[in-house]
Amino acid sequence: MPVIEKKVKIAPTEALAIFGPNDEYLHLIDQHFDSRIVARGETVIIQGPPEEVASIERIFNELSFVLGKTKNLSRRDVTTVIDLVTNGKDVSKSYEELESIVLITHSQPIRVKTPAQIEYLKAVKKNDVVFAIGPAGTGKTYLAVAIAIAALKNREVTKIVLARPAVEAGESLGFLPGDLSQKVDPYLRPLYDAAADMLTAEKLRAYVERGTVEVVPLAYMRGRTLNNSFIILDEGQNATATQMKMFLTRLGQGSKAIVTGDITQIDLPYKDQSGLVQIQDVLKNIEGITYVYFSKADVVRHRLVRDIIQAYEDYDQRMKPILKKGDDEQ
(Lines give C-alpha, C1' and ligand atoms only; values in the text may rest on other atoms or scores of the structure.)
Protein backbone atom coordinates (compact mmCIF):
# COMPACT_ATOMS: atom_id res chain seq x y z
CA MET A 1 0.00 0.00 0.00
CA PRO A 2 1.45 3.43 -0.92
CA VAL A 3 2.48 5.84 1.81
CA ILE A 4 1.99 9.57 1.39
CA GLU A 5 2.91 12.60 3.47
CA LYS A 6 0.55 15.47 4.24
CA LYS A 7 1.25 18.68 6.14
CA VAL A 8 -1.66 20.26 7.98
CA LYS A 9 -1.37 23.84 9.20
CA ILE A 10 -2.95 24.61 12.58
CA ALA A 11 -3.73 28.23 13.45
CA PRO A 12 -1.27 29.45 16.12
CA THR A 13 -4.18 30.51 18.35
CA GLU A 14 -5.67 27.01 18.15
CA ALA A 15 -2.63 24.74 18.35
CA LEU A 16 -2.44 24.47 22.15
CA ALA A 17 -6.15 23.65 22.48
CA ILE A 18 -6.18 21.13 19.61
CA PHE A 19 -2.96 19.36 20.67
CA GLY A 20 -4.14 19.31 24.29
CA PRO A 21 -2.13 19.70 27.50
CA ASN A 22 1.29 18.05 26.98
CA ASP A 23 0.08 16.98 23.51
CA GLU A 24 -2.50 14.70 25.14
CA TYR A 25 -5.07 15.04 22.32
CA LEU A 26 -2.38 14.59 19.67
CA HIS A 27 -1.37 11.28 21.28
CA LEU A 28 -5.03 10.30 21.49
CA ILE A 29 -5.44 10.74 17.72
CA ASP A 30 -2.14 8.95 17.07
CA GLN A 31 -3.30 5.89 19.06
CA HIS A 32 -6.32 5.43 16.78
CA PHE A 33 -4.30 5.12 13.58
CA ASP A 34 -1.27 3.33 12.13
CA SER A 35 -0.04 6.48 10.40
CA ARG A 36 2.82 8.52 11.82
CA ILE A 37 1.70 11.88 13.23
CA VAL A 38 4.29 14.47 14.24
CA ALA A 39 3.73 18.07 15.33
CA ARG A 40 6.37 20.67 14.51
CA GLY A 41 5.32 24.04 15.76
CA GLU A 42 1.85 24.68 14.32
CA THR A 43 2.33 22.15 11.52
CA VAL A 44 1.20 18.52 11.76
CA ILE A 45 3.02 16.05 9.49
CA ILE A 46 1.03 12.91 8.69
CA GLN A 47 2.63 9.91 6.97
CA GLY A 48 0.56 6.87 6.05
CA PRO A 49 -1.91 5.29 3.62
CA PRO A 50 -3.82 7.93 1.59
CA GLU A 51 -7.27 7.09 3.00
CA GLU A 52 -6.05 7.19 6.61
CA VAL A 53 -4.11 10.40 6.06
CA ALA A 54 -7.27 12.00 4.65
CA SER A 55 -9.24 10.94 7.73
CA ILE A 56 -6.62 12.36 10.10
CA GLU A 57 -6.55 15.65 8.18
CA ARG A 58 -10.34 15.83 8.47
CA ILE A 59 -10.12 15.21 12.23
CA PHE A 60 -7.87 18.23 12.70
CA ASN A 61 -10.17 20.37 10.53
CA GLU A 62 -13.25 19.23 12.46
CA LEU A 63 -11.54 19.87 15.81
CA SER A 64 -10.82 23.40 14.63
CA PHE A 65 -14.53 23.78 13.80
CA VAL A 66 -15.68 22.43 17.18
CA LEU A 67 -13.15 24.64 18.99
CA GLY A 68 -14.61 27.66 17.22
CA LYS A 69 -18.04 26.74 18.58
CA THR A 70 -17.13 25.70 22.12
CA LYS A 71 -13.99 27.81 22.75
CA ASN A 72 -12.58 24.76 24.51
CA LEU A 73 -11.91 21.08 23.77
CA SER A 74 -12.23 18.10 26.09
CA ARG A 75 -11.08 14.48 25.68
CA ARG A 76 -14.72 13.60 25.01
CA ASP A 77 -14.84 16.14 22.15
CA VAL A 78 -11.72 14.66 20.61
CA THR A 79 -12.77 11.00 20.85
CA THR A 80 -16.25 11.86 19.56
CA VAL A 81 -14.82 13.67 16.53
CA ILE A 82 -12.45 10.75 15.87
CA ASP A 83 -15.36 8.30 15.98
CA LEU A 84 -17.59 10.46 13.78
CA VAL A 85 -14.92 10.94 11.12
CA THR A 86 -13.87 7.27 11.06
CA ASN A 87 -17.55 6.36 10.68
CA GLY A 88 -17.96 8.71 7.73
CA LYS A 89 -19.98 11.42 9.52
CA ASP A 90 -19.57 15.14 8.85
CA VAL A 91 -19.13 16.91 12.18
CA SER A 92 -19.46 20.39 10.66
CA LYS A 93 -22.91 19.61 9.27
CA SER A 94 -24.19 17.99 12.44
CA TYR A 95 -22.72 20.09 15.24
CA GLU A 96 -26.03 20.32 17.09
CA GLU A 97 -26.27 16.53 17.00
CA LEU A 98 -22.70 16.29 18.30
CA GLU A 99 -23.85 17.92 21.52
CA SER A 100 -26.47 15.19 21.99
CA ILE A 101 -24.16 12.24 21.38
CA VAL A 102 -23.35 10.16 24.44
CA LEU A 103 -21.37 7.39 22.74
CA ILE A 104 -20.37 6.28 19.24
CA THR A 105 -20.94 2.51 19.03
CA HIS A 106 -19.96 -0.07 16.41
CA SER A 107 -23.47 0.26 14.98
CA GLN A 108 -24.75 3.80 15.53
CA PRO A 109 -24.38 6.86 17.82
CA ILE A 110 -26.32 6.86 21.08
CA ARG A 111 -27.96 10.23 21.64
CA VAL A 112 -30.07 11.86 24.31
CA LYS A 113 -33.62 12.18 23.00
CA THR A 114 -35.77 13.96 25.59
CA PRO A 115 -35.39 17.02 27.86
CA ALA A 116 -35.04 14.75 30.91
CA GLN A 117 -32.30 12.75 29.18
CA ILE A 118 -30.45 15.99 28.37
CA GLU A 119 -30.72 17.00 32.03
CA TYR A 120 -29.49 13.51 32.99
CA LEU A 121 -26.36 13.77 30.85
CA LYS A 122 -25.56 17.24 32.20
CA ALA A 123 -26.13 16.05 35.78
CA VAL A 124 -23.66 13.18 35.40
CA LYS A 125 -21.01 15.51 33.96
CA LYS A 126 -21.42 17.90 36.88
CA ASN A 127 -21.94 15.51 39.82
CA ASP A 128 -20.25 12.39 41.17
CA VAL A 129 -23.48 10.71 42.32
CA VAL A 130 -26.72 10.89 40.31
CA PHE A 131 -30.07 9.26 41.04
CA ALA A 132 -32.24 8.69 37.97
CA ILE A 133 -35.82 7.98 39.00
CA GLY A 134 -38.78 7.27 36.73
CA PRO A 135 -40.85 4.69 34.86
CA ALA A 136 -39.64 1.88 32.63
CA GLY A 137 -38.61 2.69 29.07
CA THR A 138 -37.19 6.17 29.73
CA GLY A 139 -33.58 5.17 29.03
CA LYS A 140 -32.30 5.48 32.61
CA THR A 141 -30.20 2.33 32.60
CA TYR A 142 -29.30 2.31 28.91
CA LEU A 143 -27.92 5.86 29.05
CA ALA A 144 -26.11 5.14 32.33
CA VAL A 145 -24.25 2.25 30.67
CA ALA A 146 -23.51 4.39 27.58
CA ILE A 147 -22.14 7.23 29.73
CA ALA A 148 -19.98 4.75 31.66
CA ILE A 149 -18.56 3.17 28.50
CA ALA A 150 -17.84 6.63 27.08
CA ALA A 151 -15.96 7.50 30.30
CA LEU A 152 -13.97 4.26 30.02
CA LYS A 153 -13.19 4.94 26.36
CA ASN A 154 -12.09 8.49 27.20
CA ARG A 155 -9.88 7.09 30.00
CA GLU A 156 -11.74 9.07 32.62
CA VAL A 157 -12.13 5.80 34.56
CA THR A 158 -10.38 2.43 34.43
CA LYS A 159 -13.27 0.19 35.42
CA ILE A 160 -17.06 -0.15 35.14
CA VAL A 161 -19.09 -1.98 37.78
CA LEU A 162 -22.75 -2.72 37.00
CA ALA A 163 -24.77 -3.95 39.98
CA ARG A 164 -28.35 -5.05 40.47
CA PRO A 165 -30.31 -6.45 43.42
CA ALA A 166 -31.53 -10.02 42.91
CA VAL A 167 -34.60 -9.27 45.02
CA GLU A 168 -37.04 -10.47 42.36
CA ALA A 169 -35.64 -13.96 42.81
CA GLY A 170 -36.75 -14.15 46.43
CA GLU A 171 -37.24 -17.72 47.62
CA SER A 172 -37.28 -19.05 44.05
CA LEU A 173 -33.53 -18.44 43.64
CA GLY A 174 -32.70 -21.73 45.33
CA PHE A 175 -34.85 -23.69 42.90
CA LEU A 176 -33.05 -22.42 39.80
CA PRO A 177 -30.52 -24.83 38.24
CA GLY A 178 -26.76 -24.28 38.34
CA ASP A 179 -24.30 -22.62 40.70
CA LEU A 180 -24.84 -19.20 42.30
CA SER A 181 -23.43 -17.37 39.28
CA GLN A 182 -25.85 -19.17 36.97
CA LYS A 183 -28.75 -18.56 39.36
CA VAL A 184 -28.30 -14.77 39.45
CA ASP A 185 -27.39 -14.40 35.76
CA PRO A 186 -31.03 -13.90 34.63
CA TYR A 187 -31.34 -10.91 36.97
CA LEU A 188 -28.16 -9.33 35.59
CA ARG A 189 -29.01 -10.03 31.96
CA PRO A 190 -30.52 -6.54 31.25
CA LEU A 191 -27.15 -4.99 32.12
CA TYR A 192 -25.29 -7.41 29.86
CA ASP A 193 -27.79 -6.65 27.08
CA ALA A 194 -27.23 -2.91 27.37
CA ALA A 195 -23.44 -3.29 27.27
CA ALA A 196 -23.69 -5.73 24.34
CA ASP A 197 -25.58 -3.09 22.34
CA MET A 198 -22.64 -0.72 22.68
CA LEU A 199 -19.60 -2.98 22.40
CA THR A 200 -18.71 -5.74 19.99
CA ALA A 201 -19.01 -9.24 21.44
CA GLU A 202 -15.23 -9.62 21.36
CA LYS A 203 -14.59 -6.30 23.13
CA LEU A 204 -17.21 -6.98 25.83
CA ARG A 205 -15.82 -10.49 26.41
CA ALA A 206 -12.28 -9.08 26.72
CA TYR A 207 -13.42 -6.38 29.15
CA VAL A 208 -15.26 -8.92 31.32
CA GLU A 209 -12.36 -11.40 31.30
CA ARG A 210 -9.91 -8.66 32.35
CA GLY A 211 -12.27 -7.35 35.02
CA THR A 212 -12.52 -3.97 33.29
CA VAL A 213 -16.31 -4.47 33.20
CA GLU A 214 -17.98 -6.29 36.08
CA VAL A 215 -21.65 -7.21 36.23
CA VAL A 216 -22.45 -8.34 39.78
CA PRO A 217 -25.32 -8.84 42.23
CA LEU A 218 -25.55 -5.96 44.70
CA ALA A 219 -24.66 -8.26 47.61
CA TYR A 220 -21.20 -8.82 46.08
CA MET A 221 -20.35 -5.14 46.55
CA ARG A 222 -19.90 -5.37 50.34
CA GLY A 223 -16.43 -4.65 51.66
CA ARG A 224 -15.07 -3.16 48.43
CA THR A 225 -13.60 0.27 47.68
CA LEU A 226 -13.79 1.19 44.01
CA ASN A 227 -11.32 3.83 42.83
CA ASN A 228 -11.30 5.38 39.33
CA SER A 229 -14.49 3.48 38.54
CA PHE A 230 -17.92 4.14 37.09
CA ILE A 231 -20.44 2.33 39.28
CA ILE A 232 -24.07 1.79 38.29
CA LEU A 233 -26.83 0.39 40.49
CA ASP A 234 -29.84 -0.64 38.43
CA GLU A 235 -33.31 -1.32 39.89
CA GLY A 236 -32.30 0.76 42.91
CA GLN A 237 -35.86 0.69 44.26
CA ASN A 238 -35.23 -2.95 45.21
CA ALA A 239 -32.23 -2.12 47.40
CA THR A 240 -33.02 -1.85 51.10
CA ALA A 241 -31.95 1.24 53.04
CA THR A 242 -28.97 -0.71 54.42
CA GLN A 243 -27.96 -1.95 50.98
CA MET A 244 -28.23 1.55 49.50
CA LYS A 245 -25.89 2.91 52.17
CA MET A 246 -23.51 0.02 51.55
CA PHE A 247 -23.49 0.68 47.79
CA LEU A 248 -22.91 4.42 48.04
CA THR A 249 -20.04 4.01 50.50
CA ARG A 250 -18.11 1.84 47.98
CA LEU A 251 -17.26 5.06 46.12
CA GLY A 252 -13.49 5.64 46.00
CA GLN A 253 -11.24 8.37 44.64
CA GLY A 254 -11.89 9.38 41.03
CA SER A 255 -15.17 7.44 40.84
CA LYS A 256 -18.73 8.27 39.82
CA ALA A 257 -21.99 6.47 40.59
CA ILE A 258 -25.44 6.37 39.00
CA VAL A 259 -28.44 4.79 40.72
CA THR A 260 -31.49 4.10 38.56
CA GLY A 261 -34.91 2.94 39.62
CA ASP A 262 -38.69 3.17 39.48
CA ILE A 263 -40.26 3.73 42.89
CA THR A 264 -43.64 2.54 41.57
CA GLN A 265 -42.24 -0.97 41.02
CA ILE A 266 -40.81 -1.98 44.40
CA ASP A 267 -40.49 -5.76 44.84
CA LEU A 268 -39.15 -5.71 48.41
CA PRO A 269 -41.07 -7.46 51.21
CA TYR A 270 -43.56 -5.07 52.80
CA LYS A 271 -41.49 -4.69 55.99
CA ASP A 272 -38.38 -3.48 54.12
CA GLN A 273 -38.15 0.18 53.16
CA SER A 274 -36.81 0.95 49.71
CA GLY A 275 -33.42 2.59 49.92
CA LEU A 276 -34.22 4.63 46.81
CA VAL A 277 -37.31 6.12 48.48
CA GLN A 278 -35.44 6.90 51.71
CA ILE A 279 -32.33 8.31 50.05
CA GLN A 280 -34.26 11.19 48.45
CA ASP A 281 -34.71 12.60 51.94
CA VAL A 282 -31.38 11.53 53.45
CA LEU A 283 -29.07 13.02 50.80
CA LYS A 284 -31.15 15.90 49.50
CA ASN A 285 -28.75 18.68 50.56
CA ILE A 286 -25.31 17.26 49.77
CA GLU A 287 -23.24 19.01 47.11
CA GLY A 288 -22.14 16.68 44.31
CA ILE A 289 -25.28 14.53 44.59
CA THR A 290 -28.34 15.22 42.47
CA TYR A 291 -31.63 13.69 41.34
CA VAL A 292 -33.10 13.53 37.84
CA TYR A 293 -36.78 12.60 37.52
CA PHE A 294 -38.32 11.04 34.41
CA SER A 295 -42.00 10.79 33.50
CA LYS A 296 -44.02 8.80 30.99
CA ALA A 297 -43.41 11.66 28.53
CA ASP A 298 -39.77 10.53 28.42
CA VAL A 299 -40.53 6.95 27.37
CA VAL A 300 -38.41 6.08 24.32
CA ARG A 301 -39.37 2.44 23.88
CA HIS A 302 -42.30 1.23 21.77
CA ARG A 303 -45.12 3.81 21.73
CA LEU A 304 -47.38 1.33 23.56
CA VAL A 305 -45.14 1.45 26.66
CA ARG A 306 -46.26 5.02 27.34
CA ASP A 307 -49.91 4.01 26.89
CA ILE A 308 -49.44 1.03 29.23
CA ILE A 309 -47.94 3.24 31.94
CA GLN A 310 -50.83 5.70 31.56
CA ALA A 311 -53.39 2.87 31.75
CA TYR A 312 -51.90 1.61 35.03
CA GLU A 313 -51.88 5.13 36.47
CA ASP A 314 -55.55 5.55 35.53
CA TYR A 315 -56.38 2.17 37.07
CA ASP A 316 -54.62 3.08 40.34
CA GLN A 317 -56.60 6.31 40.52
CA ARG A 318 -59.88 4.43 40.01
CA MET A 319 -58.99 1.86 42.66
CA LYS A 320 -57.88 4.29 45.38
CA PRO A 321 -61.43 5.18 46.59
CA ILE A 322 -62.42 1.48 46.63
CA LEU A 323 -59.33 0.43 48.60
CA LYS A 324 -59.72 3.33 51.04
CA LYS A 325 -63.36 2.41 51.64
CA GLY A 326 -62.34 -1.18 52.40
CA ASP A 327 -59.73 -0.01 54.90
CA ASP A 328 -62.23 2.29 56.65
CA GLU A 329 -64.75 -0.52 57.05
CA GLN A 330 -62.27 -2.83 58.78
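Residues numbered from 1 in each chain as written. Predicted model: local features only at pLDDT ≥ 70, side-chain atom pairs only at ≥ 80, totals over all residues. Heavy atoms only, no water.

1. A short note on the sheet that holds strand S6 (residues 129-133)
Stated precisely, the cut-off is as follows: Two strands pair under a simple rule: DSSP has to find at least two bridges between them. The numbering of helices and of strands both runs from the N terminus, where a helix is a DSSP run of H or I of at least 4 residues and a strand a run of E of at least 2. Comment: axis = line fitted to C-alpha atoms, over the contacting stretch for helices; angle = value between 0 and 180 degrees taken between N-to-C directions.
The strand order S8-S7-S9-S10-S6-S11 describes an open sheet built from six strands, whose pairing is parallel. Only two strands of the sheet have a single neighbouring strand rather than two, namely strand S8 (213-217) and strand S11 (289-293). Averaged over all adjacent pairs, the angle separating strand axes in this sheet is 15 degrees, with direction ignored. Sheet topology places strand S7 (residues 159-164) next to strand S9 (residues 229-233); five bridges connect them, and they run parallel. From the neighbouring strand, lysine 159 faces S9, where its bridge partner is serine 229.

2. Some details on the pairing of strand S10 (residues 256-261)
Both faces of the sheet carry side chains from a regular strand, because those side chains alternate between them. This is how it is decided: Partly exposed residues are those whose accessible area sits between 20% and 50% of the maximum for their type, while under 20% is buried and over 50% is exposed, using a 1.4 Å probe and protein chains only. A crossover counts as right-handed when, viewed with the strands pointing away from the observer, the path leading from the first strand over the helix to the second turns clockwise.
Taking burial as the measure, the six residues of S10 include six buried ones, the bulk of the element. On S10, burial covers both faces: Lys256, Ile258 and Thr260 on one face and Ala257, Val259 and Gly261 on the other are all buried. In the sheet, S6 pairs with S10 via five bridges, with the strands oriented parallel. Looking across to S10, one finds that valine 129 is bridged to alanine 257. Taking the sense of rotation as the criterion, the β-α-β connection linking S9, helix H10 (residues 241-248) and S10 turns out right-handed.

3. Considerations on helix H7 (residues 140-153)
Our working rule: The span expected for a helix works out to 1.5 Å for each residue beyond the first.
With 14 residues, H7 should cover 20 Å at 1.5 Å per step; its first-to-last C-alpha distance of 20 Å lies within 8% of that length. Among all positions in H7, only Lys140, Thr141, Leu143, Ala144, Val145, Ala146, Ile147, Ala148, Ile149, Ala150, Ala151 and Leu152 are buried. Just past H7, the residue arginine 155 takes up positive phi, approximately 60 degrees.

4. Some words on the nonpolar core
Under the convention used in this document: To form a nonpolar core, buried Ala, Val, Leu, Ile, Met, Phe, Trp, Tyr and Cys residues must be joined to one another through side-chain atoms within 4.5 Å.
Counting 39 residues, the largest nonpolar core has Tyr120, Val145, Ile160, Met198, Phe230 and Ile232 as its most contacted members. In terms of residue count, the dominant contributor to this core is H7 (10 residues). One finds Leu26, Ile46, Phe60 and Leu63 within the second-largest nonpolar core, a separate group that totals 29 residues.

5. A word on the side chain of serine 255
Note the threshold: Polar contacts, as used here, are pairs of N or O atoms within 3.5 Å; protein pairs need one atom able to donate a hydrogen and one able to accept it. Residues neighboring in sequence count only if both atoms are side-chain atoms. We call two residues in contact whenever any of their non-hydrogen atoms come within 4.5 Å of each other.
Locating serine 255 in the fold gives a position in the loop between H10 and S10. The exposure class of serine 255 is buried, given its relative accessible area of 6%. Within the structure, serine 255 has its side chain in polar contact with the backbone nitrogen of asparagine 228 (distance 3.1 Å). From its side chain, serine 255 meets the backbone nitrogen of serine 229 in a polar contact 2.9 Å long. For serine 255, the residues in contact, after removing those within four places along its chain, are Asp128, Leu226, Asn227, Asn228 and Ser229.

6. Things to note about the packing of helix H6 (residues 115-126) against H7
To be explicit about the condition: In a left-handed crossing the near helix is turned counterclockwise from the far helix by less than a right angle, and in a right-handed crossing that turn is clockwise. Gly falls in the polar group here, along with every residue not listed as nonpolar (Ala, Val, Leu, Ile, Met, Phe, Trp, Tyr, Cys, Pro) or charged (Asp, Glu, Lys, Arg).
The interhelical angle for the contact between H6 and H7, taken along N-to-C directions, is 40 degrees, at an axis separation of 11 Å. Once H6 is placed against H7, the crossing between them reads as right-handed. Here H6 contributes Gln117, Tyr120, Leu121 and Val124 to the contact with H7, which in turn contributes Lys140, Leu143, Ala144 and Ile147. Classifying every residue of the contact of H6 with H7 by side-chain character gives six nonpolar, one polar and one charged.

7. Here we look at the sheet that holds strand S2 (residues 36-40)
If you walk across this open sheet you meet the three strands as S1-S3-S2, and the pairing is antiparallel. Either end of the sheet is taken by a strand with one partner, and the two such strands are strand S1 (4-9) and S2. Strand-to-strand twist across the sheet, computed as the mean angle between neighbouring axes with direction ignored, equals 20 degrees. Judged from the six bridges that link them, S1 and strand S3 (residues 43-48) form a sheet pairing that is antiparallel. Bridged to lysine 9 within S3 is threonine 43. Helix-sheet contacts for helix H3 (residues 50-70) involve S1, S2 and S3, and the interaxial angle to S3 is about 155 degrees.

Function-wise, these values are silent; they only describe arrangement.
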